[in-house]
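# Descriptive analysis of the structure
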Amino acid sequence: MIFPKYIRGLAGMIAGLTCVSGTVSADPVDRYVSFNVHNPSAFVAGFNAFRESGVMDGTTASLWGAMFDGSNPTTHVLVVSYDDYAELQNTDDRVRPSREWSDYLNAIEGTSDVTAIAMGIQRLAVGSDWHKHGAGMVFNMTVRDAASYATEFAKLIDSMDNPGSARLIEIRAGGEGATHLAAITAPDFVSLNTYVDELFSSDAYRNFARKVGDIRRINTTSIYRRVASWED
């Protein structure tokens, strides 16, 4: 789970995060929906049918299963990615009144509970196709100087070849005090942790930790496995 506050009511997944204004940024936007899934096969089948309906065309989605995620009931996190704010709002305006959305809610009724909803803005991305990678590690952080942290994080990631991808995400809503996520993906669990071992033992990381130590607090570190992904 990315954010540890319990939120009941799946309809909030669409309704809660649509209105964003007052910025010129056109960076990609993610919606994160955390679930406690009781019936994984029915849950995935329901979302498969929803995606195949075409109502979400233009977006990319990936479902991640929690391997190590702290002492909370979340088992899965759904990440839906949009090109920008406008695509998020236009998609929601199309989806909310649709029959496909109603069918989806009916299909997954009883299979899961929503535990958290959040919105993030991608501020840095190294690598591509992260939603197709097999494993991911997410550092949930509270950062006091976003610009300085982003500069140092970019230097760190540039210091070593990455087997997958690295992203820095600014949390716009739903963070429960967190301001950023640092997300690293790799083909599988072994390559992910091998890369992190090498990164953490490097001189570049020691220098990074020294420079950001006073402006960053890591709230939790989670590891996920990719369950499924969908795109046009």
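What you see is a predicted model, and the numbers here were worked out from it, not measured in a lab.

This brings us to the nonpolar core. If you look at the biggest cluster of nonpolar residues, it comprises 27 residues, and the most contacted ones within it are Phe43, Phe50, Leu78 and Trp230. Elements represented by at least two residues in this core include exactly β1 (29–37), α2 (40–52), β2 (60–68), β3 (76–82), α3 (85–95), α4 (99–108), β4 (112–126) and β8 (216–230). Among the nonpolar cores identified, the runner-up in size contains 23 residues, and Phe139, Ile157, Leu168 and Val212 belong to it.

This part is about unusual backbone geometry. The backbone of Asp129 shows a phi angle near 55°, a positive value even though the residue is not glycine. Its relative accessible area of 39% is what places Asp129 among the partly exposed residues. Residues other than glycine seldom take positive phi values, yet Glu176 does so here, at roughly 55°. With respect to the element layout, Glu176 can be found in the loop between β6 (165–173) and β7 (180–186). You can call Glu176 partly exposed: its relative accessible area is 48%.

Moving on, we get to the packing of α2 against α4. For any two helices packed against each other, one specifies the crossing angle of their axes together with the interaxial distance. Two numbers describe how α2 lies on α4: the axes approach to 9 Å, and their chain directions differ by 170°. It follows that α2 is roughly antiparallel to α4 by the angle criterion. Contact residues: Phe43, Gly46, Phe47 and Phe50 in α2; Glu100, Trp101, Tyr104, Ala107 and Ile108 in α4. In terms of residue class, the contact of α2 with α4 is built from seven nonpolar, one polar and one charged.

So, about α3. Of the positions making up α3, those classed as buried are Tyr85, Glu87, Leu88, Thr91, Asp92 and Val95. Projected onto a plane normal to the axis of α3, the buried residues spread over an arc of 170° and lie on a single side. Structurally, the start of α3 carries an N-cap: the backbone nitrogen of Ala86 is 3.2 Å from a side-chain oxygen of Asp84.

Criteria and cut-off values
- All residue numbers refer to position in the chain's written sequence, counted from 1.
- It should be noted that, the model being predicted, local features are given only for residues of pLDDT at least 70 and side-chain atom pairs only at 80 or more, the latter also being counted only at that level, while totals for whole chains, interfaces and linings use all residues.
- Only hydrogens and water are removed before side-chain values are computed, so all heavy atoms of the structure are retained for them.
- Side-chain atoms within 4.5 Å are what join buried Ala, Val, Leu, Ile, Met, Phe, Trp, Tyr and Cys residues into a set we call a nonpolar core.
- Partly exposed describes any residue whose relative accessible area lies between the buried limit of under 20% and the exposed limit of over 50%, with all areas from a 1.4 Å probe on protein chains only and scaled to the type maximum.
- Segments assigned H or I by DSSP are reported as helices when at least four residues long, segments assigned E as strands when at least two residues long, and all are numbered from the N terminus.
- Only C-alpha atoms enter the line fits that serve as axes; for helices the fit covers just the stretch in contact. Angles between N-to-C directions range over 0 to 180 degrees.
- Roughly parallel here means an angle under 35 degrees, roughly antiparallel means over 145, roughly perpendicular means 65 to 115, and every remaining angle is called oblique.
- Residues are treated as being in contact if the distance between any of their heavy atoms lies within 4.5 Å.
- Residues are grouped as follows: Ala, Val, Leu, Ile, Met, Phe, Trp, Tyr, Cys and Pro are nonpolar; Asp, Glu, Lys and Arg are charged; every other residue, Gly included, is polar.
- Each C-beta atom gives one direction from the helix axis, and the arc is the one those directions make.
- For the purposes of these results, a polar contact is taken to be a pair of N or O atoms within 3.5 Å, where, inside protein, one atom must be able to donate a hydrogen and its partner to accept one; residues adjacent in sequence count only when each atom of the pair is a side-chain atom.

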